[in-house]
Amino acid sequence: MTYFCTLASGSAGNCSLYVNGRQRMLVDAGKNTRYINDCLRQLALSVSDLTHILITHSHGDHVAALPVLLKHTRATLVCSGETFSAIAPRLPQGVPVRLFEPGEGFWLGDVPVKTFATSHDAPGSCGFVLGQGSDRVAVCTDLGTVTGEIFESMRGSRAVLLECNHDAEMVKNGPYPFPLKARILSDQGHLSNKFAAKVAVRLCQTGTKHLLLAHLSAENNEPRLALDTVRAALREAGVEADVSLAPREMPGEPVLL
Ligand SMILES: [Zn+2]
Ligand SMILES: [Zn+2]
């Protein structure tokens, strides 16, 4: 059975799970080990069942669990060389690691993996496309923009975890100090609802059936607003997809592929 399930999403921690046959891959490991294990238990798994832990980038909301988690699993850590350089000092010794350059493709067991570089303020940050055909899932969060190259990597993915971080007007009119507003709105920051909606339309025109809206800002977004913005854009373009929100602090509904 193949499925994809988010375990947590947002600036307080990001983590999701992709299960394809015998491969059980965690994508990002924000939150902590107990939280992740509790979520996995709800799916009849535990951290010792994981085969790989893939990391998009070195920010704490994506790696916080690693120092402890890696002591409780034999899973291979999979990340870019630059991400590894940033996090290695905090990790236990002797962990099995598979390093790559963003843009590279490779196999993890019998699952093909594509990676793509993302524009974000963490060196070596990337997104992932896992599986093939109707099993294909893309993880696309923590990036300021979606380039043609990124879109081509994701094209045809059945399910996409897509960042829908903020409403640009809420950022501009909100309480954040100017440098932080500028960072969020920049090409190295996070995707807005409107930008994500445009990407969502194009994805659905190329075969995406499930959109999971991710990494919503608690201060600069509203779940309803993110959902409505994406759904309205799909309706206007005459395309259909199942659109849901990746919950902040609990596992989402598993998407069966
Ligand atoms: Zn993040
Ligand atoms: Zn980040």
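Here the structure is a predicted model, which is why all the values come from computation and not from measurement. (Residues numbered from 1 in each chain as written. Chains lettered and ligands numbered in written order. Predicted model: local features only at pLDDT ≥ 70, side-chain atom pairs only at ≥ 80, totals over all residues. Heavy atoms only, no water.)

S.K.: Tell me about the overall build of the protein chain, residues and numbers included.
M.R.: When you go through the protein chain residue by residue, the secondary structure sums to 9 helices and 14 strands. Taking 2.2 N^0.38 as the reference for a compact globule, 257 residues should give roughly 18 Å; the C-alpha atoms of the protein chain span a radius of gyration of 17 Å, in line with that estimate. In the protein chain, which comprises 257 residues, the share counted as buried stands at 55%. A separation threshold of at least 6 residues defines the contact pool for the protein chain, and within that pool the share at least 24 residues apart is 62%. Here the protein chain has roughly 11000 Å² of accessible surface; of this, 51% comes from carbon and sulfur atoms. Looking at charge distribution, the protein chain has the averaged site of its 24 positive side-chain charges lying 3 Å from that of its 25 negative ones. (Helix = DSSP H or I, 4+ residues; strand = E, 2+ residues; numbered from the N terminus. Rg over C-alpha atoms; globule rule 2.2 N^0.38 Å. Buried < 20%, exposed > 50% of the residue type's maximum accessible area, 1.4 Å probe, protein only. Contact = heavy atoms within 4.5 Å. Areas by Shrake-Rupley, 256 points an atom, 1.4 Å probe, with all protein chains shown as cover. Lys, Arg positive; Asp, Glu negative; His and termini not counted. Charge placed at Lys NZ, Arg CZ, Asp CG, Glu CD.)

S.K.: Describe the pattern of salt bridges, naming the residues involved and giving the relevant values.
M.R.: In total, this model carries 7 salt bridges according to the counting rule given. Arg98 is paired through a salt bridge with Glu104; the nearest N and O atoms lie 3.8 Å apart. (Salt bridge = Lys/Arg side-chain N within 4 Å of Asp/Glu carboxyl O.)

S.K.: Can you tell me about unusual backbone geometry, naming the residues and giving the values?
M.R.: In this model, Lys31 sits at a positive phi of 60°, which is unusual for a non-glycine residue. Structurally, the position occupied by Lys31 is in the loop between β3 (23-27) and α1 (33-42). Its relative accessible area of 15% is what places Lys31 among the buried residues. Of note in this structure, His215 is not a glycine but carries a positive phi near 55°. Topologically, His215 is positioned in the loop between β12 (210-214) and α9 (223-237).

S.K.: Explain the coordination of the zinc ion (ligand 1) to me, and be specific about the residues and the numbers.
M.R.: Coordination of the zinc ion (ligand 1) by the protein comes from Asp61 (OD), His62 (NE2), Asp142 (OD) and His215 (NE2), over a distance range of 2.1 to 2.2 Å. What the 4 donor atoms of the zinc ion (ligand 1) show is an angle range of 93 to 164° at the metal, which sorts the shape as irregular. Here the zinc ion (ligand 1) and the zinc ion (ligand 2) are spaced 3.4 Å apart, and both take Asp142 as a donor. Of the two residues, Asp142 sits in the loop between β10 (137-140) and α5 (148-154) while His215 sits in the loop between β12 and α9, which places them 73 residues apart along the sequence. Exposure remark for Asp142: the relative accessible area of 2% places this residue in the buried category. (Donors = N, O, S within 2.8 Å, 3.2 Å for Na, K, Ca; no water. Tetrahedral: all angles 85-135°; square planar, octahedral: opposite > 155°, others 65-115°.)

S.K.: Kindly report on the nonpolar core, identifying the contributing residues and their values.
M.R.: Ranked by size, the top nonpolar core spans 30 residues in total, and within it Leu26, Ile36, Ile53, Leu66 and Leu77 carry the most contacts. Only β1 (2-8), β2 (15-20), α1, α3 (66-69) and β5 (76-80) provide two or more residues apiece to this core. When sequence neighbours within four positions are dropped, the list of residues in contact with Leu26 reads Leu7, Cys15, Ser16, Leu17, Ile36, Leu50, His52, Ile53, Leu54 and Leu69. By size, the runner-up hydrophobic cluster in this structure holds 29 residues, among which are Cys140, Val146, Ala196 and Ala200. (Core = buried A, V, L, I, M, F, W, Y, C linked by side-chain atoms within 4.5 Å.)

S.K.: Describe empty space enclosed by the protein, naming the residues involved and giving the relevant values.
M.R.: One pass over the structure, following the stated rule, counts 1 cavity of 30 Å³ or more. The computed volume of the largest cavity comes to approximately 60 Å³. Around the largest cavity sit 13 residues that line it, and Ala8, Asn14, Cys15, Ser16 and Leu161 are the ones nearest its centre. Put simply, the parts of the chain that give the lining of the largest cavity at least two residues each are β1 and β2. The class makeup of the residues in the lining of the largest cavity is 7 nonpolar, 5 polar and 1 charged. (1 Å grid on protein atoms, 1.4 Å probe; cavity = no way out; pocket = protein on both sides within 12 Å on 5 of 7 lines; lining within 4 Å. Points joined across faces, edges and corners; volume = space filled by probe spheres on them. Nonpolar A, V, L, I, M, F, W, Y, C, P; charged D, E, K, R; others polar.)

S.K.: Describe the coordination of the zinc ion (ligand 2), listing the residues and the values that go with them.
M.R.: Protein-derived coordination of the zinc ion (ligand 2) comes from His57 (NE2), His59 (ND1), His120 (NE2) and Asp142 (OD), at a distance range of 2.2 to 2.5 Å. Around the zinc ion (ligand 2), the 4 donor atoms are arranged such that angles at the metal cover 89 to 170°; this shape is classified as irregular.

S.K.: Describe in detail the packing of aromatic side chains, supporting the description with residues and values.
M.R.: Given two aromatic rings, one states the distance between the centres and the angle between the planes to describe the pair. Overall, the coordinates contain 2 aromatic pairs when judged by the stated rule. Consider the rings of Phe100 and Phe106, whose centres lie 5.3 Å apart with planes at 35°: the pair is tilted. By relative accessible area, which is 3% here, Phe100 ends up buried. On the basis of relative accessible area, Phe106 is assigned to the buried category, the value being 6%. Considering the side-chain rings of Phe100 and Phe128, the 6.0 Å spacing of their centres and the 75° angle between planes classify their relative orientation as edge-to-face. (Phe/Tyr/Trp six-rings, centres within 6.5 Å; stacked < 30°, edge-to-face > 60°.)

S.K.: I'd like to hear about the side chain of His190, residue by residue, with values.
M.R.: Summarising the element assignment, His190 is placed in the loop between α7 (178-185) and α8 (193-205). Owing to a relative accessible area of 9%, His190 belongs among the buried residues under this scheme. Within polar-contact distance, the side chain of His190 engages the side chain of Glu163 at 2.6 Å. (Polar contact = N/O pair within 3.5 Å; in protein donor to acceptor, adjacent residues only side chain to side chain.)

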